[in-house]
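# Remarks on the overall topology
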Amino acid sequence: MSTRHPAIRIPALAYADDAALLADSGEAAQRQLQRFESASAKVGLRLNASKTEVFIGDTPHMDIHTTSGTTLMVCDDFNYLGCNVADNTSAFQRRRQVAWVAARRLTTVWNSAASDGAKMQLFKSTVESVLLYSCEALVITDTLGNSIDASHRALMRYCLGVHFPDRLSNDNLYARAKVAAATLTLTRNRLRIVGHAIRRPELPSSSILTIRPQKHIAVVEHFAAHI
């Protein structure tokens with residue numbers, strides 16, 4: 001705003017960030033990137049090449065370039081929507097850390113005289129949702145599954161005010177909290193997503209969720225509004 005330019009009120013501002021393109025060859029990844037850049041430019045977005053990386057699976061290495069000729073950096077792992085793609089354990093460790101931060105912010109509530117039901121409703125919306133965010137995309141081995149459930153139970157005990165030396169068995173904990181095990185919740189969420197995709201075979205998500213890719217290249221992109 002200035003004396004020459006009157007103020008313009010913007011009620012909402014939308015932007016694109018953290019996009020990911022998947023391809024089964026370097027040539028396909030290059031074509032996708034070029035088309036994506038072209039489509040983005042039409043709505044005033046430009047690629048931030050310094051924050052764009054290429055993650056290669058078991059395909060031969062190939063340099064990927066932006067339309068301006070910049071060669072994108074190749075990475076061993078990347079964080080997408082809160083999860084490390086190549087390292088599931090590190091991805092969950094990050095979720096566990098932020099979940100404990102969320103839980104400790106509400107210590108006053110957990111130590112209050114509120115009912116277990118009220119505490120668990122708050123727990124599910126503010127702590128469990130943070131812990132399990134995007135975990136449906138992880139490859140959950142038996143070891144990782146046990147870690148997820150153990151972290152979930154530790155957070156529930158904290159929120160219910162069960163502290164050492166008090167003891168509460170796992171079975172009694174689930175019965176008192178009336179909350180399902182975390183891995184069971186993740187399984188239900190996965191099946192729900194697949195069910196939606198199967199019922200809509202005309203959508204791209206249906207074919208994506210029903211294929212078994214053998215190799216892939218992922219291009220992770222960060223966009224900035226071009227003003």
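Residues numbered from 1 in each chain as written. Predicted model: local features only at pLDDT ≥ 70, side-chain atom pairs only at ≥ 80, totals over all residues. Heavy atoms only, no water.

Turning our attention to the overall build of the chain. Along the chain, the regular secondary structure elements total eight helices and eight strands. Out of the 227 residues in the chain, the part that is buried amounts to 34%. Within the chain, residue pairs in contact and separated by at least 24 positions form 67% of the contacts whose partners lie at least 6 positions apart. Carbon and sulfur atoms provide 55% of the accessible area of the chain, an area that totals close to 14,500 Å². (Helix = DSSP H or I, 4+ residues; strand = E, 2+ residues; numbered from the N terminus. Buried < 20%, exposed > 50% of the residue type's maximum accessible area, 1.4 Å probe, protein only. Contact = heavy atoms within 4.5 Å. Areas by Shrake-Rupley, 256 points an atom, 1.4 Å probe, with all protein chains shown as cover.)

Another point: helix α1 (residues 26-41). The end-to-end C-alpha distance of α1, which contains 16 residues, comes to 23 Å, matching closely the 22 Å that a straight helix rising 1.5 Å per residue would cover. By the burial criterion, the buried members of α1 are Gly26, Ala28, Ala29, Gln30, Leu33, Glu37 and Ser40. (Expected span 1.5 Å × (residues − 1).)

Between helix α4 (residues 116-131) and helix α5 (residues 142-160), whose axes approach to 10 Å, the crossing angle comes to 140°. Between α4 and α5, the angle falls in the class oblique. For the pair α4 and α5, the sense of crossing is right-handed. Across from Asp116, Lys119, Met120, Phe123, Val127, Glu128 and Leu131 in α4, the residues of α5 making contact are His152, Leu155, Met156, Cys159 and Leu160. Per-class residue counts for the contact of α4 with α5 are eight nonpolar, one polar and three charged. (Axes fitted to C-alpha atoms, helices over the stretch in contact; angles between N-to-C directions. Parallel < 35°, antiparallel > 145°, perpendicular 65-115°, else oblique. Left-handed = near helix turned anticlockwise from the far one by under 90°. Nonpolar A, V, L, I, M, F, W, Y, C, P; charged D, E, K, R; others polar.)

Right, let's talk about the environment of Glu128 for a bit. Inspection of the secondary structure assignment puts Glu128 in helix α4. Here Glu128 falls in the buried class, since its relative accessible area comes to 8%. When the C-alpha positions of Glu128 and Ala103 are compared, they lie 9.2 Å apart, and in sequence the two are 25 residues distant. A distance of 2.7 Å separates polar atoms of two side chains, one belonging to Glu128 and the other to His152. (Polar contact = N/O pair within 3.5 Å; in protein donor to acceptor, adjacent residues only side chain to side chain.)

Moving on: the nonpolar core. By size, the foremost hydrophobic cluster in this structure holds 29 residues, and its most contacted members are Met120, Phe123, Leu155 and Met156. At the level of elements, α2 (88-104), α4, α5, α6 (170-177) and α7 (182-199) are the ones that each hand at least two residues to this core. By residue number, the principal contributor to this core is α5, which donates seven residues. Those residues in contact with Met156 that sit more than four places away from it in its chain are Met120, Phe123, Leu173, Tyr174, Ala177 and Val179. Counting residues in hydrophobic clusters, the runner-up holds nine residues, among them Ala29, Val54, Ile56 and Leu72. (Core = buried A, V, L, I, M, F, W, Y, C linked by side-chain atoms within 4.5 Å.)

What follows covers the packing of aromatic side chains. The geometry of an aromatic ring pair is captured by the separation of the ring centres together with the interplanar angle, meaning the angle of the planes. According to the stated counting rule, one finds one aromatic pair in the structure shown. Seen from their ring centres, Trp100 and Tyr158 are 5.4 Å apart, and the 70° between their planes marks the pair as edge-to-face. Pair noted here: Trp100 is in helix α2 and Tyr158 is in helix α5, with a separation of 58 residues, a long-range link. (Phe/Tyr/Trp six-rings, centres within 6.5 Å; stacked < 30°, edge-to-face > 60°.)

With that settled, the discussion passes to α5. Taking 1.5 Å per residue as the helical rise, α5 with its 19 residues ought to reach 27 Å, and the 27 Å between its terminal C-alpha atoms agrees with that figure. In the segment just after α5, Gly161 is the residue with positive phi, at about 80°.

Here we take up unusual backbone geometry. The omega angle of the peptide bond from Phe164 to Pro165 is 10°, so this bond is cis rather than trans. Mapped onto the elements, Pro165 comes out in the loop between α5 and α6. Here the phi dihedral of Ser134 falls at roughly 65°; this positive angle occurs in a residue that is not glycine. Along the polypeptide, Ser134 turns up in the loop between α4 and α5.

Take the packing of α2 against α5 next. It is the contact of α2 with α5, at a shortest axis distance of 11 Å, that shows an interaxial angle of 5°. The angle between α2 and α5 falls in the class roughly parallel. Contact with α2, carried on its side by Asn88, Phe92, Arg96, Ala99, Trp100, Ala103 and Arg104, involves Leu144, Ser147, Ile148, Ser151, Ala154, Leu155, Tyr158 and Cys159 of α5 and no other residues of that element. Looking at the contact of α2 with α5 residue by residue, the classes come out as 10 nonpolar, three polar and two charged.

On to the pattern of salt bridges. When the charged atoms of two side chains with opposite charge come close together, those side chains can pair. For the structure on display, the rule yields two salt bridges. For Asp116, the salt bridge goes to Arg176, with nearest N and O atoms at 2.8 Å. Of the two residues, Asp116 is situated in helix α4 and Arg176 in helix α6; the sequence distance between them amounts to 60 residues. Look at Asp116 and you get partly exposed, because its relative accessible area is 26%. The closest approach of N and O atoms between Arg200 and Glu202, which form a salt bridge, is 2.4 Å. A relative accessible area of 51% places Glu202 in the exposed class. (Salt bridge = Lys/Arg side-chain N within 4 Å of Asp/Glu carboxyl O.)

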